[in-house]
Structure formats: C-alpha cells, structure tokens
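Commentary on secondary and tertiary structure
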Amino acid sequence: YPKIAANDKQVFIAYVDGSMGSSIVVKKYDGTWKNVSKGNVSDGEAYHLSFLAAKDKLYIAYADVTEKNKATVKVFAKGKWEVLGKKGFTKLDVNRPQLELVQNIPVIAFRDIGNKHALSVMQYKNNKWVYVNKPAISSGSTNYVSIATYKNKPVVAYTDNVKDGKLTVIKPKK
C-alpha cells in the first residue's frame with residue numbers, strides 16, 4: 001500500500017516495491033518523481049508502512065522482515081536514512097504500526113503480536129524506544145490501529161476484537 005506525506009516544501013510517497021525484493025522506496029515530487037536517496041530505505045523485505053513528513057525530516061515505521069517482523073523506525077535527515085534507536089526494537093513481531101510525532105517525539109502504536117495481538121504504544125525517549133504506560137494497553141486482541149495528536153498527547157483508535165470489533169479510542173496516561 002502506498003503512503004503519501006507532505007510538508008510545506010514537497011510531497012513524498014513511500015511504498016514497498018515488489019520488483020526490489022519487497023523493500024521500501026521513498027520518492028519526492030518536484031515535477032517528476034525522484035528517489036529521496038540512493039538505494040532503498042529498508043535493508044530487505046518490509047510491510048505495514050507508516051510514513052510522515054515533518055518540517056525537515058521524514059519518518060517511516062514498518063514491520064522489518066530482516067528483524068523477524070519486529071518494528072523498525074528510520075528518519076531521513078541531512079540526506080540520509082538512519083535507524084531511530086535500533087532495528088527490530090519490539091519484543092516480538094508487530095502488525096500495522098502507526099507513527100505520529102507528539103511534541104516532536106516519535107510515537108508508534110501497533111498491534112503487538114507478542115502480547116496476544118493487543119495494542120501497544122511506544123515513544124522514542126533518551127535514544128531508545130520505551131512503552132507509554134505499559135505493553136498491551138488494550139483489554140485484549142485488536143485489529144486496525146490509528147494514532148493522532150490531541151492537546152500534545154497521543155490519542156489512539158483501534159478495533160477491539162474483545163468487543164466484537166467495535167471502535168475504541170484511548171488516550172494513554174503519560
């Protein structure tokens with residue numbers, strides 16, 4: 001699935017390119033689509049992208065197949081992609097990671113396969129990824145996840161499998 005993002009200067013698109021080993025490609029539009037960097041963003045196969053553009057940076061989160069489907073987040077700044085924290089920073093594999101900047105701090109919400117498919121939220125703090133509150137903050141298994149910022153705090157919506165797929169919206173306590 002392609003993901004589009006924009007800042008005040010440009011429009012960007014990120015996608016998994018099946019012709020390139022299912023690795024991530026990011027392009028910018030300036031009359032024609034051009035790669036933002038040489039090579040691919042991911043080191044190999046990836047899926048479930050989340051992509052956003054900030055003022056002078058791009059962020060991408062994904063399930064990293066080279067890291068046993070654990071979450072990896074990268075930032076593009078000063079002409080190159082760098083891993084934020086470490087690759088595959090989650091305990092086990094993730095599904096549908098969603099990335100948001102909350103007061104310029106990257107926050108990721110995801111379906112946490114290692115915690116019985118529950119919702120987990122982590123933030124990048126002191127050069128590492130830490131849980132917001134605790135792992136598995138939903139009442140049980142979740143499905144689709146979305147995250148936004150409200151009053152400088154993360155707000156997360158998800159379909160709650162324990163409640164027959166009903167929509168649930170929560171604001172983590174931190």
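Below, the structure is looked at part by part. (Residues numbered from 1 in each chain as written. Predicted model: local features only at pLDDT ≥ 70, side-chain atom pairs only at ≥ 80, totals over all residues. Heavy atoms only, no water.)

**Some points on the overall build of the protein**
- Scanning the protein for helices and strands turns up zero helices and 15 strands.
- Principal-axis analysis of the C-alpha atoms places the extent of the protein at approximately 45 × 35 × 30 Å.
- Counting across all 174 residues of the protein, residues that qualify as buried make up 44%.
- Considering only contacts within the protein whose residues lie at least 6 apart along the sequence, 31% involve residues at least 24 apart. (Helix = DSSP H or I, 4+ residues; strand = E, 2+ residues; numbered from the N terminus. Buried < 20%, exposed > 50% of the residue type's maximum accessible area, 1.4 Å probe, protein only. Contact = heavy atoms within 4.5 Å.)

**Some remarks on the pattern of salt bridges**
- Under the criterion given, the structure shown has four salt bridges.
- Of the charged contacts, one joins Lys-34 and Asp-30 as a salt bridge, the two residues approaching to 3.9 Å between their closest N and O atoms.
- What makes Lys-34 partly exposed here is its relative accessible area of 42%.
- Put simply, Lys-87 and Asp-43 hold a salt bridge, and the shortest N to O gap is 2.6 Å. (Salt bridge = Lys/Arg side-chain N within 4 Å of Asp/Glu carboxyl O.)

**With respect to the sheet that holds strand E12 (residues 128–131)**
- Here we have four strands laid out as an open sheet, ordered E9-E10-E11-E12, and antiparallel in their pairing. Looking at the sheet topology across the chains shown, the edges are occupied by strand E9 (94–102) and E12. Going from strand to strand, the sheet's axes swing by 30° on average, the running direction of each strand aside.
- Pairing analysis gives four bridges linking strand E11 (residues 118–125) to E12, with the strands arranged antiparallel. Counted as the bridge partner of Met-122 is Tyr-131 from E12. (Pairing = 2+ DSSP bridges. Axes fitted to C-alpha atoms, helices over the stretch in contact; angles between N-to-C directions.)

**So, the sheet that holds strand E15 (residues 166–170)**
- A sheet is described by the order of its strands in space; here three strands give the open sequence E13-E14-E15, paired in antiparallel fashion. The sheet is open, and its two edges are formed by strand E13 (142–150) and E15, each paired on a single side. Neighbouring strand axes in the sheet, compared pairwise and without regard to direction, differ in orientation by 20° on average.

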